[in-house]
Amino acid sequence: MLRAYRQIDKYLYHMRLSEETLQEVSQRFGKEMEKGLGADTNPTASVKMLPTFVRSTPDGTEDGDFLALDLGGTNFRVLRVKVSDNGLQKVEMENQIYAIPEELMRGSGVQLFDHIAECLANFMEKLKIKDKKLPLGFTFSFPCHQTKLDESILVTWTKGFKCSSVEGKDVVSMLRKSIKKRGDFDIDIVAVVNDTVGTMMTCGYDDHNCEVGLIVGTGTNACYMEEMRHIDLVEGDEGRMCINMEWGAFGDDGVLNDIRTEFDREIDMGSLNPGKQLFEKMISGMYMGELVRLILVKMAKEGLLFGGRLTPDLLTTGHFETRYVSAIEKEKEGLQKAHEILTKLGLEPSHEDCVATHRICQIVSTRSANLCGATLAAVLRRIKENKGVDRLRSTVGVDGSVYKKHPHFARRLHKTVRKLLPDCEIRFVRSEDGSGKGAAMVTAVAYRLAAQHKARQKILEALKLSHEQLLEVKQRMRIEMEKGLGKETHAEAAVKMLPTYVCSTPDGTEKGDFLALDLGGTNFRVLLVRVRNGMRRGVEMHNKIYSIPVEIMQGTGEELFDHIVHCISDFLEYMGMKGVSLPLGFTFSFPCQQNNLDEGILLKWTKGFKATGCEGEDVVNLLKEAIHRREEFDLDVVAVVNDTVGTMMTCGYEDPCCEVGLIVGTGSNACYMEEMRNVELVEGEEGRMCVNMEWGAFGDNGCLDDIRTEFDVAVDELSLNPGKQRFEKMISGMYLGEIVRNILMDFTKRGLLFRGRISERLKTRGIFETKFLSQIESDCLALLQVRSILQHLGLETTCDDSIIVKEVCTVVARRAAQLCGAGMAAVVDKIRENRGLDFLKVTVGVDGTLYKLHPHFSTVMHETVKQLSPKCEVTFLQSEDGSGKGAALITAVACRIREAGQR
């Protein structure tokens, strides 16, 4: 027995592939896949990698009543598939098989589709569903070129079909015509599907990890979910799409010539399609038996088998069937079966002949499983690389007679995949009725996606503002500005329009050394700013950052200001300037009422400060008292400044046209140069003064209620200051992530996202940081990164989920930028009208993380201002360090004016 084995092994040496050879085949196949996906290389690629327009696998929430047609051979089936979710995921099916008479397979296309329509009518009649318009999925297992999910152009007939005038036409519209002509029923043809895709989808209903479909039967093929960004043949970069590989043609360009044997070449020569589907001919059921027959004939001719005898039966093509291979390889009765089969072919086999035949079958079927495993490993490796994971967990849905009926094929295939991809956990699931149920599944998924998309769009509609709505916001901002400026209306105005006593922007002649303090959070900065004019005009800065311990933030006012003076003293020593008296500007970013440039009454602490004895007091006085207590140096406090004004001044030093300051960061605010005659709270009519708008409070009187959504209300109610700063809560960095989180929660509760499962972390306030919006929307980021952000939030996401999250982020950030733009438009138009101009050129100095870091915020905001204020040409200039440098520049301007006044 061993001798017979050894002899065969030697004889069929070229059919026994080593692990190295299989790795090599796998690598080559990976390259062929790349070729098929590339726009330039696809026309000449042998592995065609056809897009199927199936963009999603089932998630188990599919629901409804569907029809399916399955045409792929001499019979065709009509099915009705009922899918119900209600937590139990069940599928009920009824089906009927209809024959296609020989003459129809060779007749005209119209006749064929008329016959199909008639059978459909008959089926619907039987089930009493003719009056319903049901969605239908059509499994059409012939090579097609798909352009949409419901449009499929037949490339060539195969499998004995030869109907005239169908090739080059869309089979869906032909079927629709035949149905319309009858007029006795109506259906909605949603999808045309290849049987491989059907297999993947059927398994995908039970196992959501299933992203590959494989068929090894009469023929062989595979499909898998590919990233859209790699599919050159279809527009769009987001999400995934199932690719029907048509892998049977691997090797048609000669890349497998070195491993094809004389027997493979002989089979190809005698086939209906020489030179085509070479890989399929080494693997699939249609050829396996024939390969064995050719080997038996050659060995017999050489006197190595059957005593050199040949029989007419053994010499007839197709007489050694593939099912014989399965029978002979069975564990127990294999040799006996070999004896029966060889005898039936007219031979008188010896025991040695039977053993040899068994070994030949084994080698041929093992090679088939190995080659199939090698290409499958290439597909799985590609999915793993696309996902960027170390370990891939994935499922392959499989169908086909060879896989299901051959006693060892499946086991050998799994073993090869495991050997070639040791770092992956791959499950294989046998598909039950992929071509029928699968088509219904594709349709069910398409229906679910359409319904969910509609539901989501309806919810997001409220966040999408029309041009008219934005104009309305601009007009209302204008009304609120007038209220804040007016003496009578100021008290109840929401937008406070506070005078800053900053009356002029830099003119470039400023010079000198100035100190600046910047207090606006848990850190505190002291800066020395040297301003030079003339040829060497510019600003040189030195600064040091000091922290403010919590016990000081929440202690007494004296302790806080003593700490500040201590830091100033340390800084002067560090700069070697002890005892020098310098003018000082103080950026104090808390709500203040200013009665003078150097007098700011703290209205209320925010940002976690609680120092006692400060609210209602002038912060400049508190600072001066602390300096006197220390008796070490004297400073001339010239100006108290809000950070928005600092931003305007910093940019004003670069660009004399800068008369507006805007901050869109954690919070949001704006300031601008207003005519003194309009600032009713301050005496005097001449000149201008910068007004700190405190525009975050726009809408606190209810004037924005018609555009606020349930999500804005939810964010506001749970914030630290309910009912306050409503405009800020719609546009600033502190809240955008929170709005997004609320929308995602709502979608999930409605089953429109994350398969309806909310993670505990998503329920946590503030967990969705605004920086995530910037990261998610950044153009160069693949959805992979969206996925990892979501995983960090404890959310297991599919590709579709990532696309939805990205869309929500886009809508929320876009609305923020548009609202901000509408506010800005009101400001620049007021400046233009103040000056009685038909056209205004103005620069806005901007600072803030959202404006600077978000990839689209600034662009959208600029566009909005342009649309809403067509008579203004607005330039936006990013400020560098407005709160530090700005305070020093305000001080410099004030000193320049003071000196001029003295002269």
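Reference entry: report on the structure contained in this document. (Residues numbered from 1 in each chain as written. Predicted model: local features only at pLDDT ≥ 70, side-chain atom pairs only at ≥ 80, totals over all residues. Heavy atoms only, no water.)

1. Details of the overall build of the protein chain
Within the protein chain one finds 29 helices and 26 strands. Here the protein chain has a C-alpha radius of gyration of 39 Å; the compact-globule value for 903 residues is 29 Å, and the former is much larger. Dimensions of the protein chain, computed from the C-alpha atoms along their principal axes, are close to 125 × 65 × 50 Å. For the protein chain, the residues scored as buried account for 58% of the 903 residues in total. (Helix = DSSP H or I, 4+ residues; strand = E, 2+ residues; numbered from the N terminus. Rg over C-alpha atoms; globule rule 2.2 N^0.38 Å. Buried < 20%, exposed > 50% of the residue type's maximum accessible area, 1.4 Å probe, protein only.)

2. A closer look at the packing of helix α2 (residues 19-37) against helix α14 (residues 409-420)
Interhelical geometry of α2 versus α14 gives an angle of 80° and a closest axis separation of 11 Å. The angle between the axes of α2 and α14 places the two elements in the roughly perpendicular class. Taken together, the residues of α14 that come into contact with α2 (itself represented by Glu 19, Leu 22 and Gln 23) are Thr 416, Lys 419 and Leu 420. Its residues assigned to classes, the contact of α2 with α14 comprises two nonpolar, two polar and two charged. (Axes fitted to C-alpha atoms, helices over the stretch in contact; angles between N-to-C directions. Parallel < 35°, antiparallel > 145°, perpendicular 65-115°, else oblique. Contact = heavy atoms within 4.5 Å. Nonpolar A, V, L, I, M, F, W, Y, C, P; charged D, E, K, R; others polar.)

3. Re the sheet that holds strand β18 (residues 583-588)
Read from one edge to the other, the open sheet built from five strands follows the order β17-β16-β15-β18-β21, with strand pairing classed as mixed. The strands lining the two open edges of the sheet, one partner per strand, are β17 (538-547) and β21 (636-641). In this sheet, adjacent strand axes meet at a mean angle of 20° when their direction is disregarded. Both β18 and β21 contribute to a ladder of five bridges, which runs parallel. When the sheet's bridge partners are listed, Phe 586 is paired in β21 with Val 640. Against the sheet, helix α19 (residues 619-630) contacts β15 (512-519), β18 and β21, and its axis sits at roughly 145° relative to β21. Along the sheet, helix α20 (residues 643-654) makes contact with β16 (523-532), β17, β18 and β21, crossing β21 at roughly 105°. (Pairing = 2+ DSSP bridges.)

4. Notes on the pattern of salt bridges
Inspection of the entire model under this criterion finds 70 salt bridges. Its salt-bridge partner being Arg 382, residue Glu 226 comes within 2.4 Å of it at the nearest N-O pair. Of this pair, Glu 226 sits in strand β10 (residues 220-227) while Arg 382 sits in helix α12 (residues 351-387), and the two are 156 residues apart along the sequence. In terms of burial, Glu 226 and Arg 382 fall into one category: buried. Across the pair Arg 688 and Glu 659 runs a salt bridge, and its minimum N-O distance is 3.5 Å. Taken as a pair, Arg 688 in strand β24 (residues 688-692) and Glu 659 in strand β22 (residues 658-664) lie far apart in primary sequence, 29 residues in all. For Arg 688, a relative accessible area of 31% gives the class partly exposed. (Salt bridge = Lys/Arg side-chain N within 4 Å of Asp/Glu carboxyl O.)

5. Quick look at the nonpolar core
Counting 113 residues, the largest nonpolar core has Leu 662, Tyr 672, Met 693, Trp 695 and Phe 768 as the members making the most contacts within it. If one sorts the elements of this core by residue count, helix α26 (residues 799-834) sits on top with 18 residues. Leave out the neighbours within four places in its chain, and Met 693 touches Met 477, Met 481, Val 495, Lys 496, Met 497, Asn 669, Ala 670, Cys 671, Tyr 672 and Val 827. (Core = buried A, V, L, I, M, F, W, Y, C linked by side-chain atoms within 4.5 Å.)

6. Notes on the state of the cysteines
Counted according to the given criterion, the structure contains zero disulfides. Cysteine Cys 372 is unpaired, with the sulfur of Cys 223 as its nearest cysteine sulfur at 13 Å. Here Cys 895 stays unpaired: no disulfide links it, and the sulfur of Cys 503, its closest cysteine neighbor, is 15 Å away. For Cys 895, a relative accessible area of 8% corresponds to the buried category. (Disulfide = S-S within 2.5 Å.)

7. Re the packing of aromatic side chains
All told, the structure shown has 20 aromatic pairs when counted by the stated rule. Chaining the aromatic ring pairs together yields one cluster made of Phe 586, Phe 588, Phe 590, Trp 605 and Phe 609. Between the NZ or CZ atom of Lys 544 and the centre of the ring of Tyr 574, over which it lies, the distance is 4.5 Å. (Phe/Tyr/Trp six-rings, centres within 6.5 Å; stacked < 30°, edge-to-face > 60°. Lys NZ or Arg CZ within 6 Å of the ring centre and 35° of its normal.)

8. Regarding the environment of Glu 659
The class for Glu 659 is buried, based on a relative accessible area of 12%. Residues Glu 659 and Val 828, 169 residues apart in the sequence, show an inter-C-alpha distance of 9.3 Å. Contact partners of Glu 659, with chain neighbours within four places excluded, come to Met 648, Cys 671, Tyr 672, Met 673, Arg 688, Ile 831, Arg 835, Val 842 and Thr 843.

9. Quick notes on the sheet that holds strand β4 (residues 90-99)
With respect to topology, five strands assemble into an open sheet ordered β4-β3-β2-β5-β8, the strand pairing being mixed. Both edges of this open sheet fall to β4 and β8 (188-193), since each of them pairs with a single strand only. Averaged over all adjacent pairs, the angle separating strand axes in this sheet is 20°, with direction ignored. Looking at chain direction, strand β2 (residues 64-71) and strand β5 (residues 135-140) are connected through five bridges and run parallel. In the strand pairing of β5, Leu 67 is matched with Leu 136. Across the sheet, helix α4 (residues 109-127) touches β2, β3 (75-84), β4 and β5, and the angle it forms with β4 is around 130°. Contacting β3, β4, β5 and β8, helix α6 (residues 195-206) crosses the sheet at an angle of about 105° to β8.

10. Some points on the side chain of Asn 642
Tracing the backbone through its elements, the reader meets Asn 642 in the loop between β21 and α20. Setting aside residues up to four positions removed in sequence, Asn 642 forms contacts with Thr 587, Phe 588, Asn 669, Asn 692 and Glu 694.

11. Points about the environment of Gln 593
Inspection of the secondary structure assignment puts Gln 593 in strand β19 (residues 592-596). When its relative accessible area of 36% is taken as the criterion, Gln 593 is described as partly exposed. The spatial distance from the C-alpha of Gln 593 to the C-alpha of Met 228 is 56 Å, given a sequence separation of 365 residues. In contact with Gln 593, not counting residues within four places along its chain, are Glu 599, Gly 600, Ile 601 and Leu 603. In this structure the side chain of Gln 593 is engaged in a polar contact, spanning 3.1 Å, whose partner is the side chain of Asn 595. (Polar contact = N/O pair within 3.5 Å; in protein donor to acceptor, adjacent residues only side chain to side chain.)

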